[in-house]
Amino acid sequence: MYKITSYTTTLLLLLAATLATKKIQAQFDLEDSNTTASLRGIHNVGGGVAWASGTNGTVLRTEDGGYLWQTCTIPPGAEKLDFRGIQAFDENTAIVMSSGKGDLSRLYKTTDGCQTWKLLFTNPDKEGFWDAIKFHDRNFGVLLGDPVDGKFVIMLSFDGGQKWEKQTLKSTADINGEGAFAASNSSLLISSTNSRSFGTGGPGGSRIISVGSGPTDMYEGDVSKTKKLPWVAGQDAAQLPTHNRTNSSGVFSIAEDHRGTGTTVAVGGDYKRPEDRIDTAWRYDISRWDQTTHSFWVAAQTPPHGYRSSVAYEPTQKLWITVGPNGTDISRDDGKNWTPLKPSGYDPPDADKNWNALSLPFVVGPHGRIGRLRTIPNPQK
């Protein structure tokens, strides 16, 4: 009887430990943003400086790691604009991007800590729609827009956003209603100054389109040389294994880990079906070739537990984290398997939910939600 009881107790303890690892209890510390705007843009500069943006021309700034968020002056004529993306350079300098049809897509820049703004650029395409903006450094930036006349729009800047020129792409007549998503300003990834990728979705399925721009020594270290080069892009489109092919489904975010391993992860799903786990995460695995899609992109073995709009790598804790309206998930094996990250007993019960975008350690969401990531305990240690 004693041996049976001990054995049973051991099994129960092991079961309890196993269940505990499936719902790791750590989350975001919620911060006071002093706004009710829906926030989708977030950029952590470092040193305690971060910028956020959202609806109704909202721009926020912190210089103390999020203890106090300052409400910025609204850029001129931007009271009704939806600022989906923001790229900051320091505590005084940032460029904010609005998303909307035609001239509702605009860029504004501040150099005095958001006291004043200058209108840099307005979408010249009446049918265009901007989805994301990213800068590789203070000079080189990339602007991604939905297809116009059968071609995705890629705009390049070599002078910190003062001027923009369209990069020539080959015709993409096979896009079949395909587009990019402006859900978190992270559908665009700049791997280097001459290599960029973006995720797409729609009735044609999910793809990662990679755009190169000529020789590898194009202008690393010398931006001035780029102005003399023909910016005609080579383009490669990798089909991702997908089941859902709707206007509301696809890749919403793509990120790399910057460890030199080449690890890249993409997340998404169907924003109209946020509880659906189908087609919510993929990873680039050079060791695996998918015979169906003819690419190295493979679906996660254990996907996140719903639609996800943003993903990022946390180098200190060596894990990936992804967020969406119904929760947060983490992966410790480079996107193969995802585990729900639940609030602890002293967190608000919805601390894991209602998030749009990441720039770690910060996360933003609707109704002015801003959080800061805490250290996540590793049950395997």
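Every value quoted in this text rests on a predicted model; they were computed, and no experiment measured them. (Residues numbered from 1 in each chain as written. Predicted model: local features only at pLDDT ≥ 70, side-chain atom pairs only at ≥ 80, totals over all residues. Heavy atoms only, no water.)

## A closer look at the pairing of strand 23 (residues 310-314)
In step 1: With five of its five residues buried, strand 23 lies for the most part within the structure.
In step 2: Every second residue of strand 23 is oriented toward a common face, with Ser310, Ala312 and Glu314 on one face and Val311 and Tyr313 on the other, all of them buried.
In step 3: With five bridges connecting them, strand 23 and strand 24 (residues 319-324) associate as antiparallel partners. Paired with Glu314 across the bridge in strand 24 is Leu319. (Buried < 20%, exposed > 50% of the residue type's maximum accessible area, 1.4 Å probe, protein only. Helix = DSSP H or I, 4+ residues; strand = E, 2+ residues; numbered from the N terminus. Pairing = 2+ DSSP bridges.)

## So, the side chain of Ser309
In step 1: Following the sequence through the fold, Ser309 ends up in the loop between strand 22 (297-299) and strand 23.
In step 2: From its side chain, Ser309 meets the backbone oxygen of Asn356 in a polar contact 2.6 Å long.
In step 3: In this structure Ser309 touches Ala183, Ser184, Ser186, Phe252, Ser253, Val323, Gly324, Trp355 and Asn356, once residues within four positions along its chain are discounted. (Polar contact = N/O pair within 3.5 Å; in protein donor to acceptor, adjacent residues only side chain to side chain. Contact = heavy atoms within 4.5 Å.)

## What to know about the pairing of strand 8 (residues 94-98)
In step 1: Most of strand 8 sits inside the fold, with five of its five residues counted as buried.
In step 2: As paired elements, strand 7 (residues 83-88) and strand 8 share five bridges and run antiparallel to each other. Residue pairing across strands places Ala88 opposite Ala94, the latter belonging to strand 8.
In step 3: The loop that links strand 7 with its antiparallel partner strand 8 comprises five residues.
In step 4: Across four bridges, the pairing between strand 8 and strand 9 (residues 106-110) is antiparallel. The residue bridging Ile95 from the neighbouring strand is Lys109, located in strand 9.

## What to know about the confidence of the model for the protein
In step 1: Looking at the protein, the pLDDT average stands at 85 and 82% of residues meet or exceed 70.
In step 2: Per-residue pLDDT stays below 50 along residues 1-22; that stretch engages in four contacts with residues further than four places along the chain or on separate chains.
In step 3: Every residue in residues 214-233 is under pLDDT 50, and counting partners more than four places away or in other chains gives 34 contacts. (pLDDT = per-residue confidence, 0-100.)

## Description of the sheet that holds strand 5 (residues 59-62)
In step 1: Read from one edge of the open sheet, four strands run 3-4-5-6, paired in antiparallel fashion. Each edge of the open sheet is held by one strand with a lone partner, namely strand 3 (39-46) and strand 6 (70-71).
In step 2: Bridge analysis of strand 4 (residues 49-54) against strand 5 gives four bridges, and the strand direction is antiparallel. Bridging across to strand 5, Trp51 finds its partner in Arg61.

## Considerations on the sheet that holds strand 11 (residues 130-135)
In step 1: Taken together, four strands build an open sheet; the order of strands is 11-12-13-14 and the sheet is antiparallel. Lying at the two open borders of the sheet, with one neighbouring strand each, are strand 11 and strand 14 (165-166).

## Some points on the packing of aromatic side chains
In step 1: In the structure shown here, the tally under the stated rule is 14 aromatic pairs.
In step 2: Pairing Phe252 with Tyr271 gives two aromatic rings, centres 6.2 Å apart and planes at 80°, and the pair type is edge-to-face. Residue Phe252 is found in strand 19 (residues 249-256), and its partner Tyr271 is found in the loop between strand 20 (264-270) and strand 21 (281-284); the two are separated by 19 residues along the sequence.
In step 3: Assessed through its relative accessible area of 41%, Tyr271 is described here as partly exposed.
In step 4: With centroids separated by 5.9 Å and ring planes inclined at 65°, the aromatic side chains of Tyr284 and Phe296 adopt a geometry described as edge-to-face. A residue pair is termed long-range when its members are at least 10 positions apart, and Tyr284 in strand 21 and Phe296 in the loop between strand 21 and strand 22 qualify at twelve residues.
In step 5: For Tyr284, a relative accessible area of 32% puts it in the partly exposed group.
In step 6: The side chain of Arg369 reaches across the aromatic face of Trp355, ending 4.3 Å from its centre. (Phe/Tyr/Trp six-rings, centres within 6.5 Å; stacked < 30°, edge-to-face > 60°. Lys NZ or Arg CZ within 6 Å of the ring centre and 35° of its normal.)

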